[in-house]
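# Structural overview
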Amino acid sequence: MNVQNGISSVVEGIAYYPYILVPNDRFQPAFYEVSLAVSDETFDQFKSRGYVSCHAAGERNFTPDPVIVFKKFAFNKNGSANVHPRLVDADGNDVDVNVGNGSKINIQWKHVEYKGKGNDIVKRAELVAAQVVEL
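The structure reproduced in this document is the subject of the present report. (Residues numbered from 1 in each chain as written. Predicted model: local features only at pLDDT ≥ 70, side-chain atom pairs only at ≥ 80, totals over all residues. Heavy atoms only, no water.)

Before going further, it helps to spend a moment on the overall build of the chain. A count of helices and strands for the chain gives 1 helix and 9 strands. Along its sequence from the N terminus, the chain presents helices and strands in the succession β-β-β-β-α-β-β-β-β-β. Here the C-alpha atoms of the chain give a radius of gyration of 14 Å, agreeing with the 14 Å that 2.2 N^0.38 yields for 135 residues. Expressed as lengths along the three principal axes of its C-alpha atoms, the size of the chain is roughly 40 × 35 × 35 Å. Expressed as a percentage of its 135 residues, the buried residues of the chain come to 40%. The long-range fraction of contacts in the chain, counting pairs at least 24 apart against all pairs at least 6 apart in sequence, stands at 62%. If you sum the accessible surface of the chain, you get close to 7800 Å²; carbon and sulfur atoms cover 47% of it. Here the chain holds 14 positive side-chain charges and 16 negative ones, and the gap between their average locations is 10 Å. (Helix = DSSP H or I, 4+ residues; strand = E, 2+ residues; numbered from the N terminus. Rg over C-alpha atoms; globule rule 2.2 N^0.38 Å. Buried < 20%, exposed > 50% of the residue type's maximum accessible area, 1.4 Å probe, protein only. Contact = heavy atoms within 4.5 Å. Areas by Shrake-Rupley, 256 points an atom, 1.4 Å probe, with all protein chains shown as cover. Lys, Arg positive; Asp, Glu negative; His and termini not counted. Charge placed at Lys NZ, Arg CZ, Asp CG, Glu CD.)

Here is the structure:
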C-alpha cells in the first residue's frame, strides 16, 4: 500500500459534484475536484494532519457523512493548463464518462503544500486520479 503523510494514497467513498475531466470554473481559481463522502476514520486521518477542505459529518447538505474535497488547480501560476486527473474504470482502463452524484469511486491523491494568504502553509489533498467502482 502506498502511503502519504501517514495516509493511504487511495481513498474510497461516494462522489458528489465531481469535476474530474473538466474543471469547475464557476469560481476562480478553477479546479478539478471531487467532494468525497468518506468514513469517520478516513476523515479523522486527514483532519488531524491539517488538510484543508475537510468537512465534518453533517456540515454538507448533500450527505450526512464527513466529506473531503480533493482538488487540483486547473492552471499553474503562469497561466498554463494543468493536465486533468486520470479517470479509469474498475479494470484500470481510461474512460470518458460523466461521474454522477452518489457514484462509488476510489480517489488517488498526493500531498501538496504551498504558501497561502499571510504566508500560512496550506496542506491540500490533490486529486491525481479517480477509479469508477459503481456509477
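Moving on: the pairing of strand 6 (residues 67-73). Burial analysis of strand 6 places 6 of its 7 residues in the buried class, which makes it a mostly covered element. Taken together, the 2 bridges between strand 5 (residues 54-55) and strand 6 define a ladder with antiparallel strand orientation. Paired with cysteine 54 across the strands is isoleucine 68, a residue of strand 6. (Pairing = 2+ DSSP bridges.)

Enumeration over the complete set of coordinates arrives at 8 aromatic pairs. When the centroid spacing of 5.2 Å and the interplanar angle of 75° are considered together, the rings of tyrosine 17 and phenylalanine 62 count as edge-to-face. Note that tyrosine 17 is positioned in strand 3 (residues 10-24) and phenylalanine 62 in the loop between strand 5 and strand 6, a separation of 45 residues in sequence. Among the residues examined, tyrosine 17 registers a relative accessible area of 41% and is labelled partly exposed. Ring geometry for tyrosine 51 against tryptophan 109: centres 5.6 Å apart, planes inclined by 85°, an arrangement best described as edge-to-face. Of this pair, tyrosine 51 sits in the loop between helix 1 (40-48) and strand 5 while tryptophan 109 sits in strand 8 (residues 104-115), and the two are 58 residues apart along the sequence. Both residues of the pair, tyrosine 51 and tryptophan 109, count as buried. Members of the aromatic cluster, connected to one another through ring pairs, are Phe46, Tyr51, Phe70 and Trp109. The ring of phenylalanine 31 has lysine 71 sitting right over it, with the charged end atom 4.5 Å from the ring centre. (Phe/Tyr/Trp six-rings, centres within 6.5 Å; stacked < 30°, edge-to-face > 60°. Lys NZ or Arg CZ within 6 Å of the ring centre and 35° of its normal.)

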